[in-house]
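What follows is each chain in one-letter form.
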Amino acid sequence: MDFTFTEEQQAAAEAARGVFGGVAPDAVPSPALTLGAVADDFDRELWARLADADLLSLLLAPEYGGAGLDAVALCLVLRESAKVLARVPLLESCAAAAAVQAYGGEELRSELPSRAGRGEVVLTVAAAGRTGHDPAELAVTARQEGDHWTLDGLQTAVPWAYNADFVLVPARTDADRTVLAVVPRLHEGVVLAEQFSTNGERLAELRLDSARIAARDVIDADGAWEWLRDLLTTGTCALALGLGSQVLRMTSEYTGKREQFGFPVATFQAVAVQAADRYIDLRAMEATLWQAAWRIASGAPGALPAAGDVAVAKIWAGDGVRRIVQTAQHLHGGFGADTDYPLHRYHAWAKHLELSLGPAAAHEEALGDLLAAHPLG
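In short, a report on the structure. This structure is a prediction, so every number in the text was calculated from the model and none was measured.

1. Topic: the environment of tryptophan 294
Item 1. Residue placement: tryptophan 294 occurs in helix H7 (residues 269-298).
Item 2. For tryptophan 294, a relative accessible area of 43% translates into the label partly exposed.
Item 3. What tryptophan 294 contacts, discounting residues up to four positions off in sequence, is Val72, Gly299 and Ala300.

2. Here we look at the state of the cysteines
Item 1. Going through the model one piece at a time under the given rule, you end up with zero disulfides.
Item 2. Between cysteine 237, a cysteine without a disulfide, and cysteine 75, which holds the nearest cysteine sulfur, the sulfur-to-sulfur distance is 8.1 Å.

3. Quick look at the side chain of asparagine 199
Item 1. Note on placement: asparagine 199 falls in the loop between strand E6 (190-196) and strand E7 (202-214).
Item 2. For asparagine 199, a relative accessible area of 3% gives the class buried.
Item 3. Within the structure, asparagine 199 has its side chain in polar contact with the backbone nitrogen of glutamate 201 (distance 3.1 Å).
Item 4. With sequence-adjacent residues up to four places away left out, asparagine 199 is seen in contact with Pro31, Val38, Ala348, Trp349 and His352.

4. With respect to the pairing of strand E5 (residues 178-184)
Item 1. E5 sits mainly inside the fold: six of its seven residues count as buried.
Item 2. One ladder, built from seven bridges, connects strand E4 (residues 166-173) with E5; its direction is antiparallel. Pairing of valine 167 across the sheet is with valine 183, part of E5.
Item 3. In this structure, the hairpin formed by E4 and E5 is closed by a connection of four residues, where aspartate 176 is found at a positive phi of approximately 60 degrees.

5. Section: the pattern of salt bridges
Item 1. Per the counting criterion, the structure on display carries 27 salt bridges.
Item 2. One salt bridge in this structure joins glutamate 286 and arginine 283, with 2.8 Å as the shortest N-O distance. With glutamate 286 and arginine 283 both in helix H7 and three residues apart, the pair spans about one turn of that helix.
Item 3. We classify arginine 283 as partly exposed; its relative accessible area is 30%.
Item 4. A single salt-bridge network, built from bridges that share partners, covers Glu14, Arg17, Arg79, Glu80, Lys83, Arg283 and Glu286.

6. Things to note about the packing of aromatic side chains
Each aromatic ring pair is specified by the distance between its two centres and by the angle formed by the two planes.
Item 1. In this structure the tally under the stated criterion is four aromatic pairs.
Item 2. Ring centres 5.0 Å apart and planes at 75 degrees place the aromatic pair phenylalanine 5 and tryptophan 290 in the edge-to-face group. With phenylalanine 5 in the segment before helix H1 (7-20) and tryptophan 290 in helix H7, the pair connects residues that are 285 residues apart, well separated along the chain.
Item 3. Note on phenylalanine 42 and tryptophan 47: the rings are 5.4 Å apart at their centroids and 65 degrees apart in plane angle, and the pair reads as edge-to-face.
Item 4. Every member of this aromatic cluster is reached through a ring pair, and the members are Phe42, Trp47 and Trp160.

7. Overview of the packing of helix H3 (residues 71-83) against helix H4 (residues 90-103)
Item 1. The contact between H3 and H4 brings their axes to 11 Å, and the two run at 165 degrees. It follows that H3 is roughly antiparallel to H4 by the angle criterion. For the pair H3 and H4, the crossing hand works out as right-handed. Here Leu74, Val77, Leu78 and Ser81 of H3 lie close against H4, whose contacting residues are Leu90, Leu91 and Cys94.

What counts as what
- Residues numbered from 1 in each chain as written.
- Predicted model: local features only at pLDDT ≥ 70, side-chain atom pairs only at ≥ 80, totals over all residues.
- Heavy atoms only, no water.
- Helix = DSSP H or I, 4+ residues; strand = E, 2+ residues; numbered from the N terminus.
- Buried < 20%, exposed > 50% of the residue type's maximum accessible area, 1.4 Å probe, protein only.
- Contact = heavy atoms within 4.5 Å.
- Disulfide = S-S within 2.5 Å.
- Polar contact = N/O pair within 3.5 Å; in protein donor to acceptor, adjacent residues only side chain to side chain.
- Pairing = 2+ DSSP bridges.
- Salt bridge = Lys/Arg side-chain N within 4 Å of Asp/Glu carboxyl O.
- Phe/Tyr/Trp six-rings, centres within 6.5 Å; stacked < 30°, edge-to-face > 60°.
- Axes fitted to C-alpha atoms, helices over the stretch in contact; angles between N-to-C directions.
- Parallel < 35°, antiparallel > 145°, perpendicular 65-115°, else oblique.
- Left-handed = near helix turned anticlockwise from the far one by under 90°.

Structure, rendered in structure tokens:
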């Protein structure tokens with residue numbers, strides 16, 4: 001097996017390191033000290049720099065102004081963004097634009113992906129369902145009536161909804177099919193209610209009350225939602241990997257300098273063993289992430305559908321990132337809870353990522369269903 005990234009993928013990662021190099025993870029108020037949202041908007045200045053570096057159009061074909069790269073390249077960029085807790089809808093907007101490009105109608109494809117790739121419009125996705133634990137596609141119903149669709153239902157925990165221009169909403173039809181509706185944030189029948197994540201970011205409960213969406217703005221191609229959901233989940237795993245990598249690095253630096261009884265605490269066996277266990281978690285997160293991203297990017301067949309590899313990656317990412325930040329808090333002692341030190345922010349973001357798009361237990365159940373449907377051997 002060749003695990004080497006292509007030159008184009010490495011170039012994307014290098015460009016990302018250049019853009020994210022000056023981002024401070026504590027540039028907004030601490031979520032531990034803020035009752036509401038830590039900020040009213042995402043980092044627009046950083047968003048503009050990402051657009052200038054062509055990092056918002058990685059997955060778009062050249063005819064849409066993109067680089068024509070794949071999910072692996074996007075995950076490399078997301079990994080770098082999480083190391084500094086970049087407050088931008090990079091995953092959601094890139095994944096949504098790619099889904100429109102791959103599955104949308106001609107009129108929708110001709111407008112939305114290019115504008116999203118230039119950063120002119122911001123996209124997000126309603127992917128958490130009514131409660132965060134049920135399938136998102138069952139939370140909203142869609143009825144086709146002539147040249148438009150009517151949407152009714154509710155989606156919870158929609159990221160960046162208050163600042164996005166459009167929300168991609170999965171919905172179930174009377175024929176038991178899933179469509180993807182491109183819903184404007186400001187639209188009749190669309191109501192947002194504030195919610196707040198563990199990391200202090202403002203989410204939204206999205207309520208659709210007989211919202212009429214033009215047929216041209218509804219994607220009804222088979223497999224569109226499943227592909228987008230797998231890409232979002234894999235991207236979330238990439239964010240967890242980047243965050244875990246940075247937290248382990250911070251822990252290594254701290255325990256290497258902190259002395260007890262005249263020796264760095266990193267030299268104590270109990271500390272070294274705990275750090276080694278978390279390093280193993282990180283390597284497992286990495287291996288399962290790239291397997292899932294490769295399956296999505298290549299479309300290669302396997303013993304299980306690509307959703308199986310995505311489920312394995314999310315199981316490791318959710319449990320692994322939680323164990324990494326908990327061990328980091330323990331080994332940092334009081335500094336782990338100090339709001340003047342950035343580790344507590346990483347802990348808050350890790351909990352958000354752990355639960356995003358379903359905790360590990362939900363993906364274990366999904367993996368079990370896949371194994372039952374596709375017996376191995």
